[in-house]
Amino acid sequence: QVQLVESGGGLVQAGGSLRLSCVASGSIASINLMGWYRQAPGNQRELVADITSGGSTNYADSVKGRFTISRDNAKNTVYLQMNSLKPEDTAVYFCNAKTSMSEHFRAYWGQGTQVAVSS
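Residues numbered from 1 in each chain as written. Predicted model: local features only at pLDDT ≥ 70, side-chain atom pairs only at ≥ 80, totals over all residues. Heavy atoms only, no water.

A. Molecular detail of the nonpolar core. Ranked by internal contacts, the top residues of the largest apolar core, which has 30 residues, are L4, M34, W36, L80, M82 and Y93. Broken down by secondary-structure element, the contributors of at least two residues to this core are strand 1 (2-7), strand 3 (18-26), strand 4 (31-39), strand 5 (46-52), strand 7 (67-72), strand 8 (77-82), strand 9 (91-99) and strand 11 (113-118). (Core = buried A, V, L, I, M, F, W, Y, C linked by side-chain atoms within 4.5 Å. Buried < 20%, exposed > 50% of the residue type's maximum accessible area, 1.4 Å probe, protein only. Helix = DSSP H or I, 4+ residues; strand = E, 2+ residues; numbered from the N terminus.)

Below, the structure is given as structure tokens:
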């Protein structure tokens, strides 16, 4: 089992920055991929960025160049640095972890943290 706890959300002005954190606990060694998703009112949940156990990253086109995903394996933590925030970035941001083949590629989710960007 894996537990994920997000933090770092808040209210910021357009053009501002936030850094989200996701701390994983439980069966840490089973995690292969971690990522950030977001869901705005009226929208479906979408991938923002993800990072593999080897450090390879992937970003949605809408955030590329503004957001950076990173990891600190010693602290079991994944970060999302969000710069040049726009009102359309307003959403609940969820941390996601996917396990290895031996753990049946299970997916785990955090509770979410609210990001609100004012114009």
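B. Region of the structure containing the pattern of salt bridges. With the rule as written, the count across this model stands at four salt bridges. For the salt bridge of R38 with D89, the shortest nitrogen-to-oxygen distance reads 2.9 Å. You can see R38 sitting in strand 4 and its partner D89 sitting in the loop between strand 8 and strand 9, a full 51 residues away along the chain. Exposure class is identical for R38 and D89. Each is buried. The shortest N-O distance in the salt bridge between E103 and R106 comes to 3.4 Å. What makes R106 partly exposed here is its relative accessible area of 37%. Sharing partners across several salt bridges, the network here consists of R38, E46, R66 and D89. (Salt bridge = Lys/Arg side-chain N within 4 Å of Asp/Glu carboxyl O.)

C. Region of the structure containing the side chain of T77. Summarising the element assignment, T77 is placed in strand 8. In this structure T77 comes out as buried when scored by relative accessible area, which is 6%. Within polar-contact distance, the side chain of T77 engages the backbone oxygen of K75 at 2.8 Å. Filtering out sequence-adjacent residues up to four positions away, T77 remains in contact with S21, C22, V23, S70, R71 and D72. (Polar contact = N/O pair within 3.5 Å; in protein donor to acceptor, adjacent residues only side chain to side chain. Contact = heavy atoms within 4.5 Å.)

D. Inspection of the sheet that holds strand 8 at higher detail. Read across the sheet, four strands follow the order 1-3-8-7 without closing on themselves; strand pairing throughout is antiparallel. At either margin of the open sheet sits one strand with a lone partner, and together these are strand 1 and strand 7. Each neighbouring strand pair of the sheet contributes to a mean axis angle of 15 degrees, computed without reference to strand direction. For strand 1 and strand 3, the ladder comprises six bridges, and the chain directions are antiparallel. Paired with E6 across the two strands is C22, which belongs to strand 3. (Pairing = 2+ DSSP bridges. Axes fitted to C-alpha atoms, helices over the stretch in contact; angles between N-to-C directions.)

E. Region of the structure containing the environment of R45. Structurally, R45 is set in the loop between strand 4 and strand 5. By relative accessible area, which is 34% here, R45 ends up partly exposed. Spatially, the C-alpha atom of R45 lies 19 Å from that of Y79, the residues being 34 residues apart in sequence. Those residues in contact with R45 that sit more than four places away from it in its chain are Y37, R38, Q39, F94 and W109. At a separation of 3.5 Å, a polar atom in the side chain of R45 contacts the side chain of Q39.

F. Here's a closer look at the state of the cysteines. Tallying each qualifying case throughout the model produces one disulfide. Here C22 connects covalently by a disulfide to C95, the sulfurs 2.0 Å from one another. Its S-S torsion of about -85 degrees marks the bond between C22 and C95 as left-handed, since a negative value means left-handed. One end of the pair, C22, is in strand 3; the other, C95, is in strand 9, and 73 residues separate them in sequence. (Disulfide = S-S within 2.5 Å.)

Distances and angles like these do not, on their own, reveal function.
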